[in-house]
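# Chains, contacts and geometry: an overview
Now for the letters of each chain:
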Amino acid sequence: MNNNDQKTPHKEQSARAVELGQHESVRSHVLRRLNDEVAQLERRIETLRLTKAPHTAIMISTYERMIDRKKGFMQSWGFGPRN
């Protein structure tokens, strides 16, 4: 088989491009993943609040900003409030 007989995967993929946000299974996976990440960050914040480590306040602030951004992303995609 020569190289001219092979189709390029990139061209085939671009012809089949879809809006992933329109598929419920993808939306469900993203929502589940974001909820898990937010919960993990919240646990880290609680752990940090119990420790007397240096720079704790900066780390907590950073995690809180990450949570806010993730929640903002969920709202912009119409996921609604987190349970």
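Everything discussed here concerns the structure shown above.
Attention in this report is confined to the structure presented alongside it. (Residues numbered from 1 in each chain as written. Predicted model: local features only at pLDDT ≥ 70, side-chain atom pairs only at ≥ 80, totals over all residues. Heavy atoms only, no water.)

## Considerations on unusual backbone geometry
Using the following cut-off: What counts as a helix is a DSSP run of H or I of at least four residues, what counts as a strand is a run of E of at least two, and both are numbered from the N terminus. Each residue is assigned to one of three classes by its accessible area relative to the maximum for its type, calculated with a 1.4 Å probe on protein chains only: buried under 20%, partly exposed between the two thresholds, exposed over 50%.
At His55, a position not held by glycine, the phi torsion is positive, near 65 degrees. Along the chain, His55 turns up in the loop between helix H2 (24-49) and helix H3 (56-76). Taking the relative accessible area as the measure of exposure, His55 reaches 58% and is therefore exposed.

## Let's talk about H3
Structurally, the α-helix is built with 3.6 residues per turn, so residues lying three or four positions apart point the same way. Threshold: The span one expects for a helix is its residue count, reduced by one, times 1.5 Å. The arc in question is the one traced by the directions running from the helix axis out to the C-beta atoms.
With 21 residues, H3 ought to run about 30 Å at 1.5 Å a step, and its terminal C-alpha atoms sit 30 Å apart, in line with that. Looking only at H3, the buried set comprises Thr56, Ile60, Tyr63, Ile67, Lys70 and Met74. One side of H3 carries all its buried residues, which in axial view fall inside an arc of 90 degrees. More than 90 degrees from the buried face of H3, the exposed residues found are Ala57, Ile58, Asp68, Arg69, Gln75 and Ser76. Two residues or fewer after H3 comes Gly78, characterised by a positive phi angle close to 75 degrees.

## Some words on the side chain of Lys70
Put simply, the test is: Definition of a polar contact: a pair of N or O atoms within 3.5 Å, with one able to donate and the other able to accept a hydrogen when the atoms are protein atoms, and with sequence-neighbouring residues admitted only if both atoms are side-chain atoms. Only heavy atoms matter for contacts: two residues are in contact if any of them lie within 4.5 Å across the pair.
Structurally, the position occupied by Lys70 is in helix H3. Residue classification places Lys70 among the buried residues on the basis of a relative accessible area of 19%. A distance of 2.5 Å separates a polar atom in the side chain of Lys70 from a polar atom in the side chain of Glu37. When sequence neighbours within four positions are dropped, the list of residues in contact with Lys70 reads Leu34, Glu37, Val38 and Leu41.

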